[in-house]
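Structural characterization, general
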Amino acid sequence: MIDLRYVKKLIEMLDGSTVDSIEISSDKGMKLRISKSPQQRAAAVTMASAMAPVPMAAPVLPAAPAARPVDEGGAAAPKAEAPKSAALEIKSPMVGTFYSAPEPGAKPYVSVGDRIRKGQIVCIIEAMKIMNELEAEFDGVVREINVTDAHAVEYGQVLFRIDPTG
């Protein structure tokens, strides 16, 4: 059983720090994950032996507008707005090792140009000897894969860019 005072203290410590999430595992298979990110705002207690996948995706934000040229009269010259990118990003929810396939030598879960569906497994991220399957949160077509198989990834690193209209 987990001591609730211990959990409350962990939450207070997490709130007062720059750390986004913490996960603690016991030898008996009990896990406790506390996160400040919007998709996982509540503390979650899991009794399973493997951590549930934590997909993360966010729309691509447009770059800051560049300074507009000034004409001879001192007024800013009108500029046509560039079309906004509709691409969505699948980001790593944790630090770990990225694997594009279920096992070495197997066909990758997804490739550039593949159509994916919400809930489809797109990769595995190994963290602390636990294989975490990452699922897509939306439908679309894979436009970019930004990581190399069996390489380290950071929390929040963009793994895939998905075109939802594709």
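From a predicted model like this one, the values you see are computed outputs, not experimental measurements. (Residues numbered from 1 in each chain as written. Predicted model: local features only at pLDDT ≥ 70, side-chain atom pairs only at ≥ 80, totals over all residues. Heavy atoms only, no water.)

Further remarks concern the overall build of the chain. Per the secondary structure count, the chain includes one helix and twelve strands. Per-residue burial over the chain gives 29% buried out of 166 residues. Long-range contacts, defined as pairs at least 24 residues apart, comprise 52% of the intrachain contacts of the chain with a sequence gap of at least 6. With the model as given, the accessible surface of the chain reaches about 10,900 Å², and the carbon-plus-sulfur share is 58%. (Helix = DSSP H or I, 4+ residues; strand = E, 2+ residues; numbered from the N terminus. Buried < 20%, exposed > 50% of the residue type's maximum accessible area, 1.4 Å probe, protein only. Contact = heavy atoms within 4.5 Å. Areas by Shrake-Rupley, 256 points an atom, 1.4 Å probe, with all protein chains shown as cover.)

The sheet built from four strands is open, its strands ordered β9-β8-β6-β11 with antiparallel pairing. Two strands lie at the open edges of the sheet, namely β9 (130-135) and β11 (152-153), each paired on one side alone. Both strand β6 (residues 96-99) and strand β8 (residues 121-127) contribute to a ladder of three bridges, which runs antiparallel. Note that in β8 the partner of Y99 across the bridge is I124. (Pairing = 2+ DSSP bridges.)

The next point concerns the nonpolar core. Counting residues in each nonpolar core, the largest one holds 19 residues, and the members touching the most others are I90, I116, V122, C123, L159 and F160. Among the elements of the structure, β5 (88-91), β8 and β12 (158-163) are those that each provide at least two residues to this core. Setting aside anything within four residues of it in sequence, one finds I116 in contact with I90, V110, V122, A136, F138, D139, G140, V142 and I162. V7, L10, L14 and I34 belong to the second-largest nonpolar core, a separate cluster that totals five residues. (Core = buried A, V, L, I, M, F, W, Y, C linked by side-chain atoms within 4.5 Å.)

This paragraph deals with the side chain of S92. Among the secondary structure elements, S92 is positioned in the loop between β5 and β6. For S92, a relative accessible area of 1% translates into the label buried. Polar contacts involving the side chain of S92 include one to the main-chain carbonyl oxygen of M94, which spans 2.5 Å. Not counting the four nearest positions on each side in its chain, S92 is found in contact with I125, V153, E154, Y155, G156, Q157 and L159. (Polar contact = N/O pair within 3.5 Å; in protein donor to acceptor, adjacent residues only side chain to side chain.)

Looking along a regular strand, one sees the side chains alternate between the two faces of the sheet. Here β8 lies mainly inside the structure; five of its seven residues are buried. Alignment of β8 against β9, held across six bridges, turns out to be antiparallel. Among the inter-strand pairings, I124 is bridged to a residue of β9, identified as E133. What sits between the antiparallel neighbours β8 and β9 is a turn of two residues, in which M128 has the positive phi angle 55°.

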